[in-house]
Amino acid sequence: MTSKERAESGLRVLLVASLIYSYSYIDAILALLAEGGLAFLGVSWDYLDANQNLGYVCSALVLCLVYGGLLKFIKRNYEERPATLKLRPVSGALQMLLIGLGVGGVSLLWLNFAELIQKSIPALQASYETFNTEMGAFENGDYIWMLLEVSIIGPMVEELLFRGLVFHFVERDTGKEGAAIFISALLFGIWHGIFVQGVYTFLIGLVLGYLYAKTRKLIWPFLVHFVNNFSGTLPPGFDGEYANMLVNLASLICIPVLFILLWRMEKNTKQIEKTLP
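Nothing here was measured: the structure is a model prediction, and the numbers come from that model.

Chemist: It is not clear to me how the packing of aromatic side chains should be interpreted in this structure. Could you clarify?
Modeler: Each aromatic ring pair is described using two quantities: the centre-to-centre distance and the angle formed by the ring planes. Taken as a whole, this structure holds 12 aromatic pairs when the rule is applied. A ring pair is formed by Trp110 and Phe113, whose centres lie 6.1 Å apart and whose planes are at 45°; its orientation type is tilted. Of the two residues, Trp110 and Phe113 are both situated in helix α4 (residues 89-117); the distance of 3 residues between them amounts to about one turn of the helix. Take Trp110: its relative accessible area is 16%, and that puts it in the buried class. According to the relative accessible area criterion, Phe113 is partly exposed, its value standing at 43%. Grouping aromatic residues by their ring pairs yields a cluster made of Tyr23, Tyr67, Phe162, Phe188 and Trp191. Note that Arg163 overlies the ring of Phe188, its terminal NZ or CZ placed 4.4 Å from the centroid.

What follows is the structure, encoded as structure tokens:
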């Protein structure tokens, strides 16, 4: 590696670190600016205070444009690896539904385990309580803003950042697809900032990174991300104890389906990789 290449690699590492570290600050600033703009347009402060997700939805839309534009610019001078997994729209969407429920089942197992042992580990108990508090904060205000922030626009931003920018920077520097999957997933987990949440988001990140690496399309990991988040934020009238029990049961049933689908995908990609130069 030449001195110029080392310098470029160092700049990419610095850019990745800056993007991840500054995200929460930029997100909060943009949300405040959005609230100010909405108030100027006539939206009452009482409504904005009761619906803080609205400001973050606006912030996420801006970050989607920024990260999407940055990713498009970066890929202009980077020859991306070819896709080794082709998915049809309908069957692919169905597979992402099952995978999304499956990773939700894995998350459920981890959260139940963490709840079971938390009382014997003070640090884990504090992390678990913080996690519950943070999740509860999203439920304030009108459902539509929570839906957009937690299940739609928010996951779009995260996919652009981690399966888009971070993945490409790591793959470009290491030349290894596996390293890009693992490191982007690890940073995805750490970025959430709460240990209890970070464990299962790391595991989910591995699946999301794998799907992007093989298909080279962000739509597939986004759909899994959407299903996983939506299953935990059901709309009013469908979020009762019975509905949540059904979703949890479906998620647990889909855990073996998740591994079967990933195994089949890997088998198909190996066959396609043999035909590549």
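Moving on, there is more to tell.
Chemist: How should I be thinking about the side chain of Ser107 in this particular structure?
Modeler: Relative to the helices and strands, Ser107 resides in helix α4. Excluding residues that lie within four positions of it along the chain, Ser107 makes contacts with Tyr200, Ile204 and Asn228.

Chemist: How do you make sense of helix α5 (residues 122-137) when you look at a structure like this?
Modeler: Counting along an α-helix, one turn takes 3.6 residues, and residues three or four places apart therefore face a common direction. End to end, α5 covers 23 Å across 16 residues, agreeing with the expected 22 Å (1.5 Å per residue, within 8%). Within the span of α5, buried status applies to Leu124, Ser127, Tyr128 and Phe131. Taken end-on, α5 shows its buried residues confined to a sector of 100°, consistent with a single buried face. Within α5, the exposed residues directed more than 90 degrees away from the buried face are Pro122 and Thr133.

Chemist: Sorry if this is basic, but what is going on with helix α6 (residues 143-174) here?
Modeler: Taken as a whole, α6 carries its principal kink of about 45° at Gly154; the proline Pro155 stands between one and four residues after it. Burial of α6 is extensive: 24 of the 32 residues sit out of reach of the surface. Among the residues trailing α6, Gly175 stands out with phi positive, at a value near 75°.

Chemist: What is the right way to read the pattern of salt bridges from this model?
Modeler: If the charged atoms of two oppositely charged side chains come close together, the side chains can form a pair. For the coordinates displayed, the defined rule picks out 8 salt bridges. For the salt bridge of Arg81 with Glu171, the shortest nitrogen-to-oxygen distance reads 3.4 Å. Separated by 90 residues along the polypeptide, Arg81 in the loop between α3 (52-76) and α4 and Glu171 in helix α6 bring together distant segments of the chain. By relative accessible area, which is 34% here, Arg81 ends up partly exposed. Lys214 is the salt-bridge partner of Glu177, the closest N and O atoms lying 2.7 Å from each other. Placement of the pair is Glu177 in helix α7 (residues 177-191) and Lys214 in helix α8 (residues 195-215), with a sequence separation of 37 residues. Of the residues examined, Lys214 reaches a relative accessible area of 6% and is grouped as buried.

Chemist: Is there a simple way to explain the packing of α8 against helix α9 (residues 219-230) in this structure?
Modeler: Between α8 and α9, the shortest axis-to-axis distance is 8 Å and the interhelical angle comes to 155°. Looking at the two axes, α8 sits roughly antiparallel to α9. Facing Ile204, Leu208, Leu211, Tyr212 and Thr215 of α8, the residues of α9 in contact are Trp220, Pro221, Val224, His225 and Asn228. Taken together, the residues of the contact of α8 with α9 break down into 7 nonpolar, 3 polar and no charged.

Rules behind the numbers
- Residues numbered from 1 in each chain as written.
- Predicted model: local features only at pLDDT ≥ 70, side-chain atom pairs only at ≥ 80, totals over all residues.
- Heavy atoms only, no water.
- Phe/Tyr/Trp six-rings, centres within 6.5 Å; stacked < 30°, edge-to-face > 60°.
- Helix = DSSP H or I, 4+ residues; strand = E, 2+ residues; numbered from the N terminus.
- Buried < 20%, exposed > 50% of the residue type's maximum accessible area, 1.4 Å probe, protein only.
- Lys NZ or Arg CZ within 6 Å of the ring centre and 35° of its normal.
- Contact = heavy atoms within 4.5 Å.
- Expected span 1.5 Å × (residues − 1).
- Arc of directions from axis to C-beta.
- Bend = angle between axes of the 7 residues up to and from the residue.
- Salt bridge = Lys/Arg side-chain N within 4 Å of Asp/Glu carboxyl O.
- Axes fitted to C-alpha atoms, helices over the stretch in contact; angles between N-to-C directions.
- Parallel < 35°, antiparallel > 145°, perpendicular 65-115°, else oblique.
- Nonpolar A, V, L, I, M, F, W, Y, C, P; charged D, E, K, R; others polar.

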